[in-house]
Amino acid sequence: KTYFGEEEEKAIVQPLRDGWVVQGKFVKEFEDKFVDYTGISHASATTSCTTALHISVAALNLQPGDEVIVPAFTWISTANVVEYMGATPIFCDIDLATFNIDVNQVESLITPRTVGMIPVHLFGLSADMNPLIEIAEKHNLWIVEDAACGFGATYHGKHVGAFGDTGCFSFHPRKSITTGEGGMITTNDADLDRLCRELRDHGASRTDFDRHKNKGAFLLAEYNHLGYNFRMTDLQGAVGTIQMDRAPWILDQRRRLA
(Lines give C-alpha, C1' and ligand atoms only; values in the text may rest on other atoms or scores of the structure.)
Protein backbone atom coordinates (compact mmCIF):
# COMPACT_ATOMS: atom_id res chain seq x y z
CA LYS A 1 0.00 0.00 0.00
CA THR A 2 1.23 3.48 -0.81
CA TYR A 3 1.95 5.79 2.11
CA PHE A 4 1.39 9.54 1.91
CA GLY A 5 1.43 12.04 4.76
CA GLU A 6 1.04 15.76 5.31
CA GLU A 7 4.49 16.34 3.84
CA GLU A 8 3.46 15.07 0.38
CA GLU A 9 0.27 17.12 0.56
CA LYS A 10 2.22 20.28 1.35
CA ALA A 11 4.83 19.53 -1.31
CA ILE A 12 2.38 19.01 -4.17
CA VAL A 13 0.76 22.40 -3.49
CA GLN A 14 4.06 24.24 -3.87
CA PRO A 15 4.29 24.01 -7.70
CA LEU A 16 0.69 25.24 -7.90
CA ARG A 17 1.63 28.31 -5.85
CA ASP A 18 4.85 28.86 -7.80
CA GLY A 19 3.01 28.54 -11.12
CA TRP A 20 5.67 26.25 -12.63
CA VAL A 21 4.03 22.82 -12.85
CA VAL A 22 5.97 21.18 -15.69
CA GLN A 23 9.49 19.74 -15.38
CA GLY A 24 11.43 22.10 -13.15
CA LYS A 25 13.22 22.55 -9.84
CA PHE A 26 11.32 19.83 -7.95
CA VAL A 27 12.12 17.24 -10.61
CA LYS A 28 15.78 18.28 -10.31
CA GLU A 29 15.62 17.91 -6.51
CA PHE A 30 14.04 14.48 -6.88
CA GLU A 31 16.79 13.43 -9.31
CA ASP A 32 19.50 14.70 -6.95
CA LYS A 33 18.05 12.76 -4.01
CA PHE A 34 17.88 9.63 -6.16
CA VAL A 35 21.56 10.01 -7.04
CA ASP A 36 22.45 10.47 -3.37
CA TYR A 37 20.47 7.38 -2.34
CA THR A 38 21.67 4.99 -5.06
CA GLY A 39 25.24 6.22 -5.44
CA ILE A 40 24.85 6.26 -9.24
CA SER A 41 26.34 9.30 -10.98
CA HIS A 42 23.31 10.49 -12.95
CA ALA A 43 19.52 10.19 -12.73
CA SER A 44 16.94 11.68 -15.10
CA ALA A 45 13.22 11.51 -14.35
CA THR A 46 10.64 10.37 -16.92
CA THR A 47 6.91 9.74 -17.14
CA SER A 48 7.24 6.00 -16.40
CA CYS A 49 9.68 3.12 -16.34
CA THR A 50 8.36 2.16 -19.78
CA THR A 51 9.42 5.52 -21.21
CA ALA A 52 12.72 5.28 -19.31
CA LEU A 53 13.36 1.96 -21.06
CA HIS A 54 12.22 3.42 -24.39
CA ILE A 55 14.60 6.37 -24.08
CA SER A 56 17.44 4.05 -23.07
CA VAL A 57 17.20 1.75 -26.08
CA ALA A 58 16.77 4.76 -28.38
CA ALA A 59 19.86 6.41 -26.88
CA LEU A 60 21.78 3.15 -27.46
CA ASN A 61 20.76 3.31 -31.14
CA LEU A 62 18.55 0.22 -31.27
CA GLN A 63 17.60 -0.30 -34.92
CA PRO A 64 14.96 -2.24 -36.91
CA GLY A 65 16.17 -5.80 -37.43
CA ASP A 66 18.26 -5.85 -34.25
CA GLU A 67 17.65 -8.46 -31.56
CA VAL A 68 17.58 -7.90 -27.79
CA ILE A 69 17.54 -10.66 -25.17
CA VAL A 70 14.85 -10.23 -22.49
CA PRO A 71 13.49 -12.55 -19.79
CA ALA A 72 10.48 -14.67 -20.75
CA PHE A 73 8.82 -13.76 -17.44
CA THR A 74 8.45 -10.02 -16.89
CA TRP A 75 6.09 -7.10 -17.34
CA ILE A 76 5.21 -6.52 -20.99
CA SER A 77 7.07 -3.20 -21.21
CA THR A 78 10.43 -4.98 -21.23
CA ALA A 79 9.60 -6.54 -24.59
CA ASN A 80 7.44 -3.69 -25.90
CA VAL A 81 10.22 -1.10 -25.85
CA VAL A 82 12.26 -3.33 -28.15
CA GLU A 83 9.35 -3.58 -30.56
CA TYR A 84 8.75 0.19 -30.44
CA MET A 85 12.13 0.54 -32.19
CA GLY A 86 11.32 -2.09 -34.84
CA ALA A 87 13.67 -4.59 -33.22
CA THR A 88 12.90 -8.12 -32.02
CA PRO A 89 12.80 -9.30 -28.39
CA ILE A 90 14.38 -12.73 -27.93
CA PHE A 91 12.95 -14.47 -24.89
CA CYS A 92 15.28 -16.21 -22.46
CA ASP A 93 13.86 -18.58 -19.86
CA ILE A 94 14.11 -17.77 -16.15
CA ASP A 95 15.69 -19.51 -13.19
CA LEU A 96 12.78 -20.80 -11.07
CA ALA A 97 14.82 -20.26 -7.90
CA THR A 98 14.91 -16.49 -8.50
CA PHE A 99 12.36 -15.78 -11.28
CA ASN A 100 15.10 -13.74 -12.96
CA ILE A 101 16.78 -14.42 -16.30
CA ASP A 102 18.70 -17.72 -16.43
CA VAL A 103 22.26 -16.58 -17.07
CA ASN A 104 23.22 -20.07 -18.26
CA GLN A 105 20.88 -19.82 -21.26
CA VAL A 106 21.70 -16.29 -22.45
CA GLU A 107 24.76 -17.01 -24.60
CA SER A 108 22.97 -19.71 -26.63
CA LEU A 109 20.46 -17.07 -27.81
CA ILE A 110 23.05 -14.64 -29.19
CA THR A 111 23.09 -14.26 -32.99
CA PRO A 112 24.85 -11.84 -35.35
CA ARG A 113 21.79 -9.56 -34.91
CA THR A 114 21.98 -9.41 -31.10
CA VAL A 115 22.92 -5.93 -29.87
CA GLY A 116 21.92 -5.93 -26.21
CA MET A 117 20.02 -7.42 -23.30
CA ILE A 118 17.49 -6.15 -20.76
CA PRO A 119 17.79 -8.16 -17.54
CA VAL A 120 15.00 -7.54 -15.02
CA HIS A 121 15.41 -7.28 -11.25
CA LEU A 122 12.06 -8.90 -10.59
CA PHE A 123 10.17 -8.41 -7.31
CA GLY A 124 13.10 -6.46 -5.87
CA LEU A 125 15.67 -9.25 -6.30
CA SER A 126 18.71 -8.32 -8.39
CA ALA A 127 19.48 -10.38 -11.46
CA ASP A 128 22.88 -12.11 -11.39
CA MET A 129 24.74 -9.27 -13.08
CA ASN A 130 28.40 -10.38 -13.06
CA PRO A 131 27.96 -13.26 -15.56
CA LEU A 132 25.68 -11.07 -17.68
CA ILE A 133 28.33 -8.35 -17.79
CA GLU A 134 30.95 -10.94 -18.83
CA ILE A 135 28.72 -12.15 -21.67
CA ALA A 136 27.97 -8.57 -22.76
CA GLU A 137 31.66 -7.66 -22.85
CA LYS A 138 32.55 -10.84 -24.73
CA HIS A 139 29.95 -10.19 -27.45
CA ASN A 140 30.03 -6.37 -27.42
CA LEU A 141 26.44 -6.00 -26.19
CA TRP A 142 24.88 -3.18 -24.22
CA ILE A 143 22.88 -3.78 -21.03
CA VAL A 144 19.79 -1.87 -19.92
CA GLU A 145 18.69 -2.90 -16.43
CA ASP A 146 14.92 -3.05 -15.98
CA ALA A 147 14.88 -2.07 -12.32
CA ALA A 148 11.17 -1.21 -12.23
CA CYS A 149 10.84 -3.18 -8.97
CA GLY A 150 14.47 -2.67 -7.96
CA PHE A 151 14.47 0.42 -5.78
CA GLY A 152 16.43 -0.41 -2.62
CA ALA A 153 17.89 -3.62 -4.09
CA THR A 154 21.64 -4.18 -4.17
CA TYR A 155 24.03 -6.62 -5.83
CA HIS A 156 27.36 -7.21 -4.05
CA GLY A 157 26.92 -3.94 -2.19
CA LYS A 158 26.02 -1.74 -5.17
CA HIS A 159 22.51 -0.47 -5.91
CA VAL A 160 20.92 -1.99 -8.98
CA GLY A 161 20.89 0.37 -11.95
CA ALA A 162 24.63 0.92 -11.55
CA PHE A 163 25.79 -2.06 -13.62
CA GLY A 164 24.38 -1.63 -17.14
CA ASP A 165 24.69 1.21 -19.61
CA THR A 166 21.48 2.47 -17.98
CA GLY A 167 19.08 1.39 -15.26
CA CYS A 168 15.34 2.12 -15.36
CA PHE A 169 13.10 2.51 -12.30
CA SER A 170 9.33 2.80 -11.81
CA PHE A 171 7.34 5.00 -9.43
CA HIS A 172 3.96 3.44 -10.17
CA PRO A 173 1.88 3.05 -6.97
CA ARG A 174 2.72 -0.67 -6.86
CA LYS A 175 6.38 0.18 -6.30
CA SER A 176 8.21 1.05 -3.08
CA ILE A 177 8.06 4.80 -3.59
CA THR A 178 5.59 6.47 -5.91
CA THR A 179 4.85 9.66 -7.78
CA GLY A 180 1.58 8.28 -9.20
CA GLU A 181 3.19 7.50 -12.54
CA GLY A 182 6.85 8.15 -13.14
CA GLY A 183 10.24 6.66 -13.90
CA MET A 184 13.98 7.28 -13.64
CA ILE A 185 16.98 6.56 -15.85
CA THR A 186 20.29 6.03 -14.06
CA THR A 187 23.74 5.85 -15.63
CA ASN A 188 27.39 6.43 -14.79
CA ASP A 189 28.04 7.72 -18.33
CA ALA A 190 27.77 11.52 -18.50
CA ASP A 191 27.39 11.61 -22.29
CA LEU A 192 24.64 8.99 -22.21
CA ASP A 193 22.87 10.90 -19.44
CA ARG A 194 22.97 14.07 -21.52
CA LEU A 195 21.48 12.27 -24.53
CA CYS A 196 18.73 10.67 -22.43
CA ARG A 197 17.80 14.08 -21.02
CA GLU A 198 17.52 15.51 -24.51
CA LEU A 199 15.50 12.57 -25.83
CA ARG A 200 12.91 12.87 -23.02
CA ASP A 201 12.36 16.52 -24.00
CA HIS A 202 11.68 16.33 -27.76
CA GLY A 203 15.44 16.19 -28.40
CA ALA A 204 15.93 19.75 -27.08
CA SER A 205 19.44 20.93 -26.28
CA ARG A 206 18.17 22.81 -23.18
CA THR A 207 15.03 22.54 -21.10
CA ASP A 208 12.16 25.03 -20.88
CA PHE A 209 13.07 25.61 -17.22
CA ASP A 210 16.69 26.44 -18.10
CA ARG A 211 15.50 28.63 -20.95
CA HIS A 212 13.07 30.67 -18.85
CA LYS A 213 15.29 31.18 -15.82
CA ASN A 214 18.14 32.56 -17.94
CA LYS A 215 18.51 35.50 -20.30
CA GLY A 216 17.07 34.98 -23.78
CA ALA A 217 14.10 32.87 -22.73
CA PHE A 218 12.37 33.62 -26.04
CA LEU A 219 15.07 31.73 -27.96
CA LEU A 220 14.12 28.11 -28.62
CA ALA A 221 16.51 25.25 -28.03
CA GLU A 222 18.29 23.39 -30.80
CA TYR A 223 16.68 20.04 -31.68
CA ASN A 224 19.51 17.78 -32.76
CA HIS A 225 17.73 14.47 -32.12
CA LEU A 226 14.35 12.89 -32.79
CA GLY A 227 13.04 12.98 -29.24
CA TYR A 228 9.88 12.31 -27.23
CA ASN A 229 7.67 14.09 -24.73
CA PHE A 230 8.52 11.91 -21.73
CA ARG A 231 8.99 14.62 -19.09
CA MET A 232 7.94 14.29 -15.45
CA THR A 233 5.91 17.20 -14.04
CA ASP A 234 6.99 19.24 -11.04
CA LEU A 235 3.81 18.09 -9.28
CA GLN A 236 5.14 14.52 -9.42
CA GLY A 237 8.68 15.65 -8.67
CA ALA A 238 7.52 17.41 -5.50
CA VAL A 239 5.86 14.21 -4.25
CA GLY A 240 8.98 12.27 -5.22
CA THR A 241 11.24 14.46 -3.08
CA ILE A 242 9.22 13.60 0.03
CA GLN A 243 8.93 9.93 -0.91
CA MET A 244 12.74 9.82 -1.16
CA ASP A 245 12.96 11.24 2.35
CA ARG A 246 10.62 8.44 3.50
CA ALA A 247 12.34 5.72 1.47
CA PRO A 248 14.35 4.03 4.28
CA TRP A 249 11.24 3.84 6.49
CA ILE A 250 9.02 2.61 3.62
CA LEU A 251 11.49 -0.13 2.69
CA ASP A 252 11.81 -1.20 6.33
CA GLN A 253 8.04 -1.45 6.65
CA ARG A 254 7.75 -3.49 3.45
CA ARG A 255 10.45 -5.89 4.67
CA ARG A 256 8.70 -6.22 8.04
CA LEU A 257 5.34 -6.94 6.39
CA ALA A 258 6.93 -9.42 3.97
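Residues numbered from 1 in each chain as written. Predicted model: local features only at pLDDT ≥ 70, side-chain atom pairs only at ≥ 80, totals over all residues. Heavy atoms only, no water.

**Thoughts on the pairing of strand 1 (residues 42–46)**
At step 1: In terms of burial, strand 1 is largely enclosed, as four of its five residues are buried.
At step 2: In the sheet, strand 1 pairs with strand 9 (residues 183–187) via five bridges, with the strands oriented antiparallel. Across the sheet, the residue bridging to T46 is G183, located in strand 9. (Buried < 20%, exposed > 50% of the residue type's maximum accessible area, 1.4 Å probe, protein only. Helix = DSSP H or I, 4+ residues; strand = E, 2+ residues; numbered from the N terminus. Pairing = 2+ DSSP bridges.)

**A short note on the pattern of salt bridges**
At step 1: Counted under the stated rule, the structure contains 14 salt bridges.
At step 2: A salt bridge links R246 to E7, with the shortest nitrogen-to-oxygen separation between them at 2.5 Å. Taken together, the residues span a long stretch of sequence, with R246 in helix 9 (residues 234–257) and E7 in helix 1 (residues 6–18) at a distance of 239 residues.
At step 3: According to the relative accessible area criterion, R246 is buried, its value standing at 14%.
At step 4: Of the charged contacts in the structure, one is a salt bridge between R231 and D208, with a shortest N-O distance of 3.7 Å. (Salt bridge = Lys/Arg side-chain N within 4 Å of Asp/Glu carboxyl O.)

**Some remarks on the side chain of D234**
At step 1: Mapped onto the secondary structure, D234 falls in helix 9.
At step 2: K25 provides the closest opposite charge to the buried, unpaired D234, separated from it by 6.9 Å.
At step 3: Polar side-chain contacts of D234 include one of 3.2 Å to the backbone nitrogen of F26.
At step 4: Residues contacting D234, with those up to four places away along its chain left out, are P15, W20, V21, V22, Q23, G24, K25, F26 and V27. (Lys, Arg positive; Asp, Glu negative; His and termini not counted. Polar contact = N/O pair within 3.5 Å; in protein donor to acceptor, adjacent residues only side chain to side chain. Contact = heavy atoms within 4.5 Å.)

**What to know about the nonpolar core**
At step 1: Of all hydrophobic cores here, the largest spans 26 residues; its most connected members are L53, L62, V68, V82, I118, W142 and V144.
At step 2: Residue assignment for this core shows that the elements contributing at least two residues are helix 3 (49–59), strand 2 (67–71), helix 4 (77–84), strand 5 (142–146) and helix 7 (190–199).
At step 3: A per-element tally of this core places helix 3 first, with seven residues.
At step 4: With near-sequence residues (within four places) excluded, L62 lies in contact with V57, V68, V82, M85, A87, V115 and W142. (Core = buried A, V, L, I, M, F, W, Y, C linked by side-chain atoms within 4.5 Å.)

**A closer look at the packing of helix 3 against helix 4**
At step 1: The N-to-C vectors of helix 3 and helix 4 enclose an angle of 40 degrees; their axes lie 9 Å apart at closest approach. Comparing the axis directions of helix 3 and helix 4 gives the class oblique. Every pair of crossing elements has a handedness; the one defined by helix 3 and helix 4 is right-handed. Here helix 3 contributes T50, L53, H54 and V57 to the contact with helix 4, which in turn contributes S77, T78, V81 and Y84.
At step 2: A per-class count over the contact of helix 3 with helix 4 returns four nonpolar, four polar and no charged. (Axes fitted to C-alpha atoms, helices over the stretch in contact; angles between N-to-C directions. Parallel < 35°, antiparallel > 145°, perpendicular 65-115°, else oblique. Left-handed = near helix turned anticlockwise from the far one by under 90°. Nonpolar A, V, L, I, M, F, W, Y, C, P; charged D, E, K, R; others polar.)

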